[in-house]
Amino acid sequence: MPVLESRHLTLSYGREPVVADLDLKIPPGRITVLIGRNGCGKSTLLRALARLMRPQAGAVLLDGRAIATLPTREVARQLAILPQSPVAPEGMTVLQLVKQGRYPHQSWLQQWTREDEERVRQALAWTGLEDLAGQPVDALSGGQRQRAWIAMALAQDTPLLLLDEPTTYLDLAHQMEILDLLAWLNAHDGRTVVMVLHDLNQAARYGHHLVVVHQGRVYAQGAPAEVLREELVRQVFGIECRIIPDPIHGTPLCVPCSRWMAQAGAGADTATARTAEADTRTPIPPAAGGRRHELAPGAPGAAAAGP
């Protein structure tokens, strides 16, 4: 099982570092979720872990070797990345895009094989895109495009999967199906999954290991039940909340406290209060700034279907 880690990692887009002197070891064979406010460095860190960004200082290591020194094909056989808002070439079909995931496994002596065909077919089935395989990627809805890119990463068939906000553009049903699929791949294939999520409750439900990134540093990390506390949410996200057990899965459930609701009056009919005071109330500005559920056997067969 490949081991991915960073040592004294500093990342910058200019003079000011986005990530500073960061040490992080990704637990092999587990699901790690990076959480934090917008602009805290989560996506930047994920890009560096995938060798898409050169460190200003420090290094990212893959099995103890600096990932920047490894051949591209070797890295691509170990690690697949779904970046934010990728763009496919104009006119490329879903099938053509997903086939790109098999590129690291090709060579002059070994071209397209039956295994390549099976991996592509499987990725399309898992993401519910079989009926859209012949459609141009740029003609799909945002959610369908996101699933197409996820399918490409799955077709790459790597022991490490890195995904930056994989649920972006997806409706709730497809969010659950994609996260269930990633959980199934982890449980049955032992794949290491690292992803950025904004939904704290999804992070707590699906992640074995949470990494809280704040102001370019690791603020806290560990099991969801140890990390997701009311004080942490207050300090990192700048909001009040209540952490209660998820009534279905027992994982931590974050219930944010609305400042608008609080000012409308405890016990009052908030809808009526809002209507009555809509013309007089000054709008409140935004704040400045356990285990996931068991999966039924054959979970990939229940993956997203249709747009």
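A quick note: this is a predicted structure, and the numbers were derived from the prediction, not measured.

Re helix α9 (residues 230-237)
- For α9, every residue scored as buried is listed here: L232, V233, V236 and F237. For α9, the arc enclosing every buried residue in end-on projection is 100 degrees, short of the 170-degree limit, so these residues lie on one face.
- The inward-facing, buried residues of α9 contact α7 (200-206), β9 (209-214), β10 (217-222), α8 (224-227), β11 (241-245) and β12 (252-256).
- Backbone geometry just downstream of α9 places G238 in the positive-phi region, at approximately 75 degrees.

What to know about the side chain of D246
- Tracing the chain through its elements places D246 in the loop between β11 and β12.
- At 2.8 Å, the side chain of D246 forms a polar contact with the side chain of R205.
- Polar contacts involving the side chain of D246 include one to the main-chain amide nitrogen of H249, which spans 3.2 Å.
- Once residues within four sequence positions are removed from consideration, D246 is found in contact with R205, T251 and L253.

Brief notes about the sheet that holds β9
- Sheet architecture is open: 6 strands sit in the order β6-β7-β8-β3-β9-β10, paired in mixed fashion. The two strands at the open ends of the sheet, each matched to only one other strand, are β6 (79-82) and β10. Taking the axes of each pair of neighbouring strands and ignoring which way they run, one obtains an average angle of 15 degrees across the sheet.
- Looking at chain direction, strand β3 (residues 31-35) and strand β8 (residues 192-196) are connected through 4 bridges and run parallel. In the sheet register, T32 faces β8, and the bridge partner there is V194.

Some details on the packing of helix α4 (residues 114-126) against helix α5 (residues 142-155)
- Where α4 meets α5, the closest approach of the two axes is 8 Å, and the angle between their N-to-C directions is 140 degrees. With respect to the hand of their crossing, α4 and α5 are arranged in right-handed fashion. Facing α4, whose interface residues are R119, V120, A123 and W126, α5 presents A151, L154 and A155.
- Taken together, the residues of the contact of α4 with α5 break down into 6 nonpolar, no polar and 1 charged.

Section: unusual backbone geometry
- Residues other than glycine seldom take positive phi values, yet H8 does so here, at roughly 50 degrees.
- For D63, which is not glycine, the phi torsion reads 55 degrees and is therefore positive.
- Note on placement: D63 falls in the loop between β4 (57-62) and β5 (65-66).
- Residue class for D63 comes out partly exposed when judged on its relative accessible area of 46%.

Describing the nonpolar core
- Judged by nonpolar contacts, the single largest core of 55 residues is most densely connected at V33, V94, V98, L154, L161 and M195.
- Of all hydrophobic cores here, the second largest spans 28 residues; its members include L9, L11, L49 and M53.

Comments concerning the pattern of salt bridges
- All chains considered together, the criterion is met by 11 salt bridges.
- Among the ionic pairs, D116 bridges to R102, the shortest N-O distance being 2.8 Å. In this pair, D116 is assigned in helix α4 and R102 in the loop between α3 (94-99) and α4, connecting sequence segments 14 residues apart. With respect to class, D116 is no different from R102; both count as buried.
- The partner of E115 in a salt bridge is R119, and the shortest N-O contact between them spans 3.9 Å. A residue pair is termed a helical-turn pair when its members lie 3 or 4 positions apart in one helix, as E115 and R119 do in helix α4 at 4 residues.
- Among the residues examined, E115 registers a relative accessible area of 45% and is labelled partly exposed.

Here is what the cut-offs are and how they apply
- Residues numbered from 1 in each chain as written.
- Predicted model: local features only at pLDDT ≥ 70, side-chain atom pairs only at ≥ 80, totals over all residues.
- Heavy atoms only, no water.
- Buried < 20%, exposed > 50% of the residue type's maximum accessible area, 1.4 Å probe, protein only.
- Helix = DSSP H or I, 4+ residues; strand = E, 2+ residues; numbered from the N terminus.
- Arc of directions from axis to C-beta.
- Contact = heavy atoms within 4.5 Å.
- Polar contact = N/O pair within 3.5 Å; in protein donor to acceptor, adjacent residues only side chain to side chain.
- Pairing = 2+ DSSP bridges.
- Axes fitted to C-alpha atoms, helices over the stretch in contact; angles between N-to-C directions.
- Left-handed = near helix turned anticlockwise from the far one by under 90°.
- Nonpolar A, V, L, I, M, F, W, Y, C, P; charged D, E, K, R; others polar.
- Core = buried A, V, L, I, M, F, W, Y, C linked by side-chain atoms within 4.5 Å.
- Salt bridge = Lys/Arg side-chain N within 4 Å of Asp/Glu carboxyl O.

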